[in-house]
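Inside the fold
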Amino acid sequence: MDMAQNKDLAFADAKAEIGKCENAKNVVGFFPTSIWDVSLYQAWSQIVQIIIPDLGIVNQRLQRFCETTEVDEIILFEKSTFLIISWCKLKKEGKDLKKDDDSRKNILKYERISTIMKQFKISCNKVGSEISMLSIQNPTFKAVIDEFTNNTFILLVTLNPHIKCPALHFNI
């Protein structure tokens, strides 16, 4: 895609060509990507989300966890690549924030967080260390990243000044 003059036309042509193949029914999606922007990361995140069985149940449980712990946001990352598996925000006033217009803005924010965490992980690996948990706190928010399962990290973010980082770790 990076070398194509007309990227949209090249993508449509490639998609049509693949659609003609005998095994095309097994294709779950097409992703126009570039090595020069976040599209490759987005495509891999979507692929990971497609292959996870019962992702809907994971999303429901994350939402319940978000409501129970009263955190503002939760992001679930794949452990080795920090690809986004799922995310949720605390529902306010009966409004499902995952369907809001700012959904795209949230995804970009989570992708930036993922990039920062990948760089931090690389820095840790250079000195022979691994990330197991991390707490970040300032006057406006608290964030905790911790191992959730053998294959995932979870990020909890709260704006509530009364919730302390050790309580967030304890809830995980």
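Let me sum up the structure you'll find in this document. (Residues numbered from 1 in each chain as written. Predicted model: local features only at pLDDT ≥ 70, side-chain atom pairs only at ≥ 80, totals over all residues. Heavy atoms only, no water.)

1. Topic: the overall build of the protein
The helix and strand inventory of the protein stands at five helices and five strands. Walking the protein from its N terminus toward its C terminus, one meets helices and strands in the order α-α-α-β-β-α-β-β-β-α. In the protein, which comprises 172 residues, the proportion classed as buried is 33%. Surface summary for the protein: the accessible area is close to 11,300 Å², and the carbon and sulfur share equals 57%. (Helix = DSSP H or I, 4+ residues; strand = E, 2+ residues; numbered from the N terminus. Buried < 20%, exposed > 50% of the residue type's maximum accessible area, 1.4 Å probe, protein only. Areas by Shrake-Rupley, 256 points an atom, 1.4 Å probe, with all protein chains shown as cover.)

2. Re helix α3 (residues 55-69)
If you check α3, its first and last C-alpha atoms are 21 Å apart, about what 15 residues at 1.5 Å a residue would give, namely 21 Å. Among the residues of α3, Leu55, Leu62, Gln63, Phe65, Cys66 and Thr69 are the ones counted as buried. Buried residues of α3, viewed axially, fall in a sector of 160°; they line one side. Seen from the buried face of α3, the exposed residues on the opposite side, beyond 90 degrees, are Gln60, Arg61, Arg64 and Thr68. Positive backbone phi, approximately 60°, marks glutamate 70, located one or two places after α3. (Expected span 1.5 Å × (residues − 1). Arc of directions from axis to C-beta.)

3. Some words on the layout of surface pockets
If you add up the space inside the largest pocket, you get close to 220 Å³. As for the largest pocket, its lining consists of Ile113, Ile116, Met117, Phe120, Leu134, Ile136, Phe141, Ala143, Ile145, Leu155 and Val157. Of all the secondary-structure elements, those providing two or more residues to the lining of the largest pocket are α4 (103-126), β3 (133-137), β4 (142-149) and β5 (152-158). Counting residues per element, the lining of the largest pocket draws most heavily on α4, which supplies four residues. Here the lining of the largest pocket is built from residues that sort into eleven nonpolar, no polar and no charged. (1 Å grid on protein atoms, 1.4 Å probe; cavity = no way out; pocket = protein on both sides within 12 Å on 5 of 7 lines; lining within 4 Å. Points joined across faces, edges and corners; volume = space filled by probe spheres on them. Nonpolar A, V, L, I, M, F, W, Y, C, P; charged D, E, K, R; others polar.)

4. A look at the nonpolar core
Judged by nonpolar contacts, the single largest core of 18 residues is most densely connected at Leu62, Cys66, Val71, Ile74, Ile154, Leu156 and Leu168. When residues of this core are traced back to their parent elements, those giving at least two are α3, β1 (73-78), β2 (84-89), β5 and α5 (165-171). Ranked by residue count, the leading element in this core is α3, at four residues. In contact with valine 71, other than residues within four places in its own chain, are Cys66, Leu90, Leu156, Val157, Thr158 and Leu168. With 14 residues, the next largest nonpolar core counts Phe77, Tyr110, Met117 and Leu155 among its residues. (Core = buried A, V, L, I, M, F, W, Y, C linked by side-chain atoms within 4.5 Å. Contact = heavy atoms within 4.5 Å.)

5. Considering the environment of phenylalanine 65
Following the sequence through the fold, phenylalanine 65 ends up in helix α3. Between the C-alpha atoms of phenylalanine 65 and isoleucine 172, which are 107 residues apart in sequence, the distance is 9.2 Å. Once you skip the residues sitting within four places of it in the chain, phenylalanine 65 turns out to touch Ile74, Ile154, Leu156, Asn171 and Ile172.

6. Describing the pattern of salt bridges
Tallied over the full model, the rule gives two salt bridges. Between lysine 109 and glutamate 73 there is a salt bridge, with its nearest N and O atoms 3.0 Å apart. With a gap of 36 residues between them, lysine 109 in helix α4 and glutamate 73 in strand β1 connect regions that are remote in the sequence. With its nearest N and O atoms 2.4 Å apart, the salt bridge here joins glutamate 147 to lysine 79. One end of the pair, glutamate 147, is in strand β4; the other, lysine 79, is in the loop between β1 and β2, and 68 residues separate them in sequence. Among the residues examined, glutamate 147 registers a relative accessible area of 31% and is labelled partly exposed. For lysine 79, a relative accessible area of 22% translates into the label partly exposed. (Salt bridge = Lys/Arg side-chain N within 4 Å of Asp/Glu carboxyl O.)

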